[in-house]
Amino acid sequence: MVKLVEALEKLSCACGVVGREHEVRELLVKMLKPVVDEVRVDRLGNVIGVKKGKKNAPKVMLAAHMDEIGLMVKSVTKDGFLQFAKLGGIDDRILVAQRVFVHGSKGKLAGVVGSKPPHIMKDEEKKKVVEYDSLFIDIGAKSKDDVAKLGVRVGDVVSFDVRFVRLGKDLVLGKALDDRVGCVLLVEVMRLLEGVDCTVYAVGTVQEEVGLRGATVSAFGIAPDVALALDVTVAGDVPGVKEFEAPGKMGKGPVIGVMDSGLITHPKVLGLLVDAAEKAKIPYQLETGLAGSTDAARIALTREGVPCGVLSVATRYIHSPSSVLSLKDVEATVKLAVAAIKQTPKNI
Ligand SMILES: [Zn+2]
């Protein structure tokens, strides 16, 4: 448990803005090495850890994405402010006044997302959401030249500066828990898997947030017989959310996805997950009809098709800089994934 939190903290604090996942990749390779037979990195940057099983037994692929939403420097003003593009689904409303790190060639620089002060906004302006293209990042530079001297240029990525903390006994708050918790799940599942017939692939994917790109190529290479995406989902247990809108709750066990906008979970996989949860007496939640999707959507359409499912940890405030999840849920999700892999039939 202590180790699990430590691993989550390390992964959460690392920068893995879409397309620049190297810090997370290095950590994940290190964490997977002692618990798998072999680790490799493919040409797009996906990490693939393999635990070898018996000959002719099914190949199981587990996928968790290493990338996180973030920003990218788009232009530099003559006064040394950075204008930016968004990477992944970011709501403009959460950007104003965020502390950030700009990852330039001379290391990471602290900054803040600035905007026109409300004091000089017209009443009409105050009512509107400030859109990202009228915001800028202030790194304390005085000019375009100054920015260049600091090692920052167009195309550099920007991550949010968020401290990882415990909330009470069971919760943690941190950056990019979507999907660093999935990376922790990969490591924990591989650590606990012993004596299984299947060959299991733990894949840390790149560029999920911009279109499931890493999953596409890694699944093609592996050609799995069955696959599970390990990710987060919306926790519908905060004020203002109706039961119907988001059924998953934090602390109530792993969420088994039935359908989202990119995947209808294969009935065999759904049956396997529900069955495994019931046999092992692991509380679980079913979820259907949420917008968005996971790596499983793309893996399912690989080659001649792959039966896929999704196991998620219900997480509050996803796609914002700070999200919150329950460690109890993480442990239960590990247990369920391990139980399901152990029960995977030969002919799935
Ligand atoms: Zn995710």
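Let me begin by describing the structure that accompanies this report. (Residues numbered from 1 in each chain as written. Predicted model: local features only at pLDDT ≥ 70, side-chain atom pairs only at ≥ 80, totals over all residues. Heavy atoms only, no water.)

## Describing the packing of helix α7 (residues 267–279) against helix α9 (residues 327–342)
Test applied: Orientation is described by lines fitted to C-alpha atoms, with helices fitted over the stretch in contact, and by angles between N-to-C directions that extend from 0 to 180 degrees. Secondary structure elements follow DSSP: runs of H or I no shorter than four residues count as helices, runs of E no shorter than two count as strands, and numbering proceeds from the N terminus. Here is the rule for angles: anything less than 35 degrees is roughly parallel, anything more than 145 is roughly antiparallel, 65 through 115 is roughly perpendicular, and the remaining ranges are oblique. Should the near helix be turned counterclockwise from the far one by less than a right angle, the crossing is left-handed, whereas a clockwise turn marks it as right-handed. In this description, contact between two residues means that some pair of their heavy atoms is separated by no more than 4.5 Å. Amino acids are sorted into nonpolar (Ala, Val, Leu, Ile, Met, Phe, Trp, Tyr, Cys and Pro), charged (Asp, Glu, Lys and Arg) and polar (every other residue, Gly among them).
As a packed pair, α7 and α9 sit with axes 9 Å apart at the nearest point and diverge in direction by 115°. For the element pair α7 / α9, the angle class is roughly perpendicular. Handedness of the α7/α9 crossing: right-handed. The segment α7 lies against α9, with Leu272, Leu273, Ala276 and Ala277 engaging Leu336, Ala339 and Ala340. Grouping the constituent residues of the contact of α7 with α9 by class yields 7 nonpolar, no polar and no charged.

## Focus on the pairing of strand β3 (residues 59–65)
Our working rule: Each residue's exposure class comes from its accessible area (1.4 Å probe, protein chains only) as a fraction of the maximum for that residue type: buried when under 20%, exposed when over 50%, partly exposed otherwise. Two strands pair if DSSP finds at least two bridges between them.
Here β3 lies mainly inside the structure; 6 of its 7 residues are buried. Two elements, β3 and strand β12 (residues 199–205), share 7 bridges in a ladder whose sense is parallel. The residue bridging Lys59 from the neighbouring strand is Thr199, located in β12. Pairing analysis gives 4 bridges linking β3 to strand β13 (residues 226–234), with the strands arranged parallel. Residue pairing across strands places Leu62 opposite Leu228, the latter belonging to β13.

## Notes on the nonpolar core
As a reminder of what qualifies: Nonpolar core, defined: a set of buried Ala, Val, Leu, Ile, Met, Phe, Trp, Tyr and Cys residues in which side-chain atoms within 4.5 Å join the residues together.
Counting residues in each nonpolar core, the largest one holds 62 residues, and the members touching the most others are Leu8, Leu32 and Leu62. Broken down by element, the residue count for this core peaks at 10 residues, all from α9. Once residues within four sequence positions are removed from consideration, Leu8 is found in contact with Phe164, Val172, Leu177, Arg180, Val181, Val184, Leu325 and Leu327.

## Remarks on the packing of aromatic side chains
The condition that has to hold: Pairing of aromatic side chains requires ring centres within 6.5 Å, counting the rings of Phe and Tyr and the six-membered ring of Trp. Pairs whose planes differ by under 30 degrees are stacked, by over 60 edge-to-face, and all others tilted.
Counting across every chain of the model gives 2 aromatic pairs. On the numbers, 5.1 Å between centres and 65° between planes, the contact of Phe81 with Phe136 is edge-to-face. Separated by 55 residues along the polypeptide, Phe81 in the loop between β4 (70–76) and β5 (82–87) and Phe136 in strand β8 (residues 136–138) bring together distant segments of the chain. Residue classification places Phe81 among the partly exposed positions, given a relative accessible area of 27%. For Phe136, a relative accessible area of 23% corresponds to the partly exposed category. Centre to centre, the rings of Phe84 and Tyr132 are 6.2 Å apart; their planes meet at 40°, and the pair counts as tilted. Taken together, the positions of Phe84 in strand β5 and Tyr132 in the loop between α3 (123–127) and β8 put the pair 48 residues apart, joining distant regions of the chain.

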